[in-house]
Amino acid sequence: MVVGMGLVGASGPATAASVPQQWINATGPVASSNYQTYTAASTGSSPAHVTLTLTQSSALGFTIKSVFSDSTAGATVASNSATSDHINDSANESPISWSLTDGDTDTGRFDYILPGSYLVTDTVTDSNGATATASVEVNTLGSAYSAVTPTRLLDTRNGTGAAKGSVAPNSIVKLRVEGSGPVPSNGVTAVVLNLTAVPVSAAGFVTAYPSDDGTSVPNSSSLNYAAGQIVANLVTVPVGSDGYVYVADKGGTINLIADISGYYSRTAPNLYQPATPQRLLDTRNGTGAPKGAVSSGGTVKLLVALGDTYLPPAGEMTAAAVNITVVNATNAGFVTTYADGASQPGTSNVNFGKGQIVSNNAVVPVAADGKIDLTAALGTTGSVDLVVDIVGYYSASMNFASTAFVPIAPSRVFDSRQDGQGQIANGIEYDLNLGEWAMPVAAVQMNATVTNTRSASYLNLYTYGAPRPGTSNLNWTTGQTVARGASVSPSQLNGWIAIYNASGGGTDLILDISGYFENARV
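Residues numbered from 1 in each chain as written. Predicted model: local features only at pLDDT ≥ 70, side-chain atom pairs only at ≥ 80, totals over all residues. Heavy atoms only, no water.

Colleague: What am I meant to see in the packing of aromatic side chains here?
Modeller: Aromatic ring pairs are defined here through the distance separating the ring centres and the angle between the ring planes. Under the defined criterion, the tally for this structure stands at 15 aromatic pairs. Ring geometry for phenylalanine 110 versus tyrosine 112: centroids 5.2 Å apart, planes at 90 degrees, classification edge-to-face. Here phenylalanine 110 matches tyrosine 112 in class, with each residue buried. Taken together, the ring pairs connect Tyr145, Tyr264, Tyr272, Tyr394, Phe405 and Phe517 into an aromatic cluster. Stacked on the ring of tyrosine 500, the Lys or Arg arginine 468 has its end atom at 3.9 Å from the ring centre. (Phe/Tyr/Trp six-rings, centres within 6.5 Å; stacked < 30°, edge-to-face > 60°. Buried < 20%, exposed > 50% of the residue type's maximum accessible area, 1.4 Å probe, protein only. Lys NZ or Arg CZ within 6 Å of the ring centre and 35° of its normal.)

Colleague: Explain the sheet that holds strand E28 (residues 404-415) here, please?
Modeller: Spatial strand order, E28-E35-E30-E33: four strands in an open sheet with antiparallel pairing. On the outer flanks of this sheet lie E28 and strand E33 (482-488), each paired with one strand and no other. For this sheet, the mean angle separating the axes of adjacent strands, direction not counted, is 20 degrees. Where strand E30 (residues 443-451) and E33 come together, seven bridges link them in antiparallel fashion. The residue of E33 that forms the bridge with glutamine 445 is serine 487. (Pairing = 2+ DSSP bridges. Helix = DSSP H or I, 4+ residues; strand = E, 2+ residues; numbered from the N terminus. Axes fitted to C-alpha atoms, helices over the stretch in contact; angles between N-to-C directions.)

Colleague: Would you mind going over the nonpolar core with me for this structure?
Modeller: In globular proteins that are soluble, nonpolar side chains generally tend to be buried together. With 36 residues, the main nonpolar core has Phe414, Leu432, Met446, Leu461, Ile499, Leu509 and Leu511 as its most contacted residues. Every element with two or more residues in this core is listed here: E28, strand E29 (429-433), E30, strand E31 (457-463), strand E32 (474-476), E33, strand E34 (496-501) and strand E35 (508-518). Top element by residues in this core is E28. It accounts for five residues. If we skip the residues at most four places from it in the chain, methionine 446 touches Leu461, Arg484, Gly485, Ala486, Val488, Ile497, Leu511, Asp512 and Ile513. Judged by nonpolar contacts, the second largest core, of 32 residues, contains Val300, Val322, Ala329 and Val364. (Core = buried A, V, L, I, M, F, W, Y, C linked by side-chain atoms within 4.5 Å. Contact = heavy atoms within 4.5 Å.)

Colleague: How do you make sense of the environment of tyrosine 464 when you look at a structure like this?
Modeller: Note that tyrosine 464 resides in the loop between E31 and E32. Residue classification places tyrosine 464 among the partly exposed residues on the basis of a relative accessible area of 23%. Here the alpha-carbon distance between tyrosine 464 and aspartate 102, two residues 362 residues apart in the chain, equals 41 Å.

Colleague: It is not clear to me how the pattern of salt bridges should be interpreted in this structure. Could you clarify?
Modeller: Any two side chains of opposite charge can pair, so long as their charged atoms come close to each other. The tally for this structure, following the rule as stated, stands at 10 salt bridges. In this structure, arginine 279 and aspartate 389 form a salt bridge, with 2.6 Å as the shortest nitrogen-oxygen distance. Of this pair, arginine 279 sits in strand E19 (residues 271-282) while aspartate 389 sits in strand E27 (residues 383-395), and the two are 110 residues apart along the sequence. By the burial criterion, arginine 279 is buried, and aspartate 389 matches it. The residue aspartate 373 makes a salt bridge to lysine 301 at a minimum N-O spacing of 3.5 Å. Linking aspartate 373 in strand E26 (residues 371-377) with lysine 301 in strand E21 (residues 299-303), this pair joins segments that are 72 residues apart in sequence. Given a relative accessible area of 3%, aspartate 373 falls into the buried group. Each of the salt bridges in this network shares a partner with another, and the network as a whole consists of Arg152, Asp155, Arg157 and Asp259. (Salt bridge = Lys/Arg side-chain N within 4 Å of Asp/Glu carboxyl O.)

Colleague: Would you mind showing me how to read the sheet that holds E26 here?
Modeller: The strands making up a sheet associate through backbone hydrogen bonding, with each pair oriented either parallel or antiparallel. Reading across the sheet, the four strands line up as E21-E26-E23-E24 and stay open at both edges, with antiparallel pairing between neighbours. On the outer flanks of this sheet lie E21 and strand E24 (350-352), each paired with one strand and no other. Recorded for the sheet is a direction-independent mean angle of 20 degrees between the axes of neighbouring strands. Note that strand E23 (residues 333-339) and E26 share six bridges and pair antiparallel. The residue bridging valine 335 from the neighbouring strand is alanine 376, located in E26.

Colleague: What is the right way to read the environment of leucine 459 from this model?
Modeller: Take leucine 459: it is sitting in strand E31. A C-alpha to C-alpha distance of 5.5 Å links leucine 459 and leucine 474, two positions 15 residues apart in sequence. Ignoring sequence-local partners within four residues, the contact set of leucine 459 consists of Ser472, Asn473, Leu474, Trp476, Ile499, Tyr500, Asn501 and Leu509.

What follows is the structure, given as structure tokens:
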């Protein structure tokens, strides 16, 4: 089996359109963003009156409408001024300009730089000097990220976060995330969880989703497992209004583990920035660390904040979004990632068996020195090679990051088994049209699943029109069903992404979207 284009001796990234291309369309709709509308009207005895309406239009944007009326005959609008004040940060305030005036109605749109809650105030003065004021507090659709020390919130083997005992097929585990461990008790819009299944019977899959959906489990999967297999996958899950996420099991009797690495809220400090996929570590050839496999109990200290053209310097990166692959494992075990110099948490990121090649995503807190640590555990003996690709990062500085996250209900946008176009074959770039909604999006958070795999291979997901990266999103062997999280940037010209099956026979591919990153459109 191979590990991405960056394996030892690989030729590196392919140029754009250097292979045959095939255009395909999404096979399912994306859940619409839950745009909120806020309305306020002036009160009091003034003859002037104003009604103010704001509607979310993007992660950080609003449309605004001001309608003037007056009880004094012949009175007209002399001036109309709207301002916006950040509820928690007086330095982050925005003037609002009207783009269109039509009689007594002014309209416009504006964007904030940061997520949060804002007080919008509209003051209208009529031709007789009478004034009217309307104020309304609004929340941005998008949220920012807080990295936390990886913490175990759920382990059904010992009763952490839920009743002790195996999870039966077709049952739902209700996990309280708000107020649990390092998570605040309210205001959380989504959580980043590493889900691990420890199956004890048949194959199946797990779906994580917001509790607001109740027992109506979405048509999507977060984690796929085989009988007797221990498998993990990083997922981003919207949080229900009651502070819960639900995890539904379909297939076998399993134990479930959930480790949190961070959460999104409107008061969090860190925005996200997609990065050109880049291989930072490969212990097989000495990239990023001395050449040689990592022994059980060994730790690799990896510099991720390179301060180069693509990545910020140390001190400006708070968390790194990476893909971790284990190769040449001489024994079964797991890998744990955490901020350099911090105590090793009692969590895991990648679980693997002897000889397996397994990958998983991780969002890892970054220390002030710009490094993360990776510790291998393979029992009393054993060693493993580690490969790390960075795909994005978080920063509190707007000089380095600018996108906010919008969670949506899990949505299956592509399934090659149902669209009549057949499997994803080797050697062809499949260009998937996500739709116009994806054009202003900086990155899409999705879960990619391969099934009915005819031979060992790996998958690239990347921006349409860009060179194929020298990295991989997920790896599999013949006959495996594997699900992995991925953050992919659509083309801003047409909202398309590219898909490439790197070698061997065909595979079916399923793509489920759980949210997207978007910045201000100004």
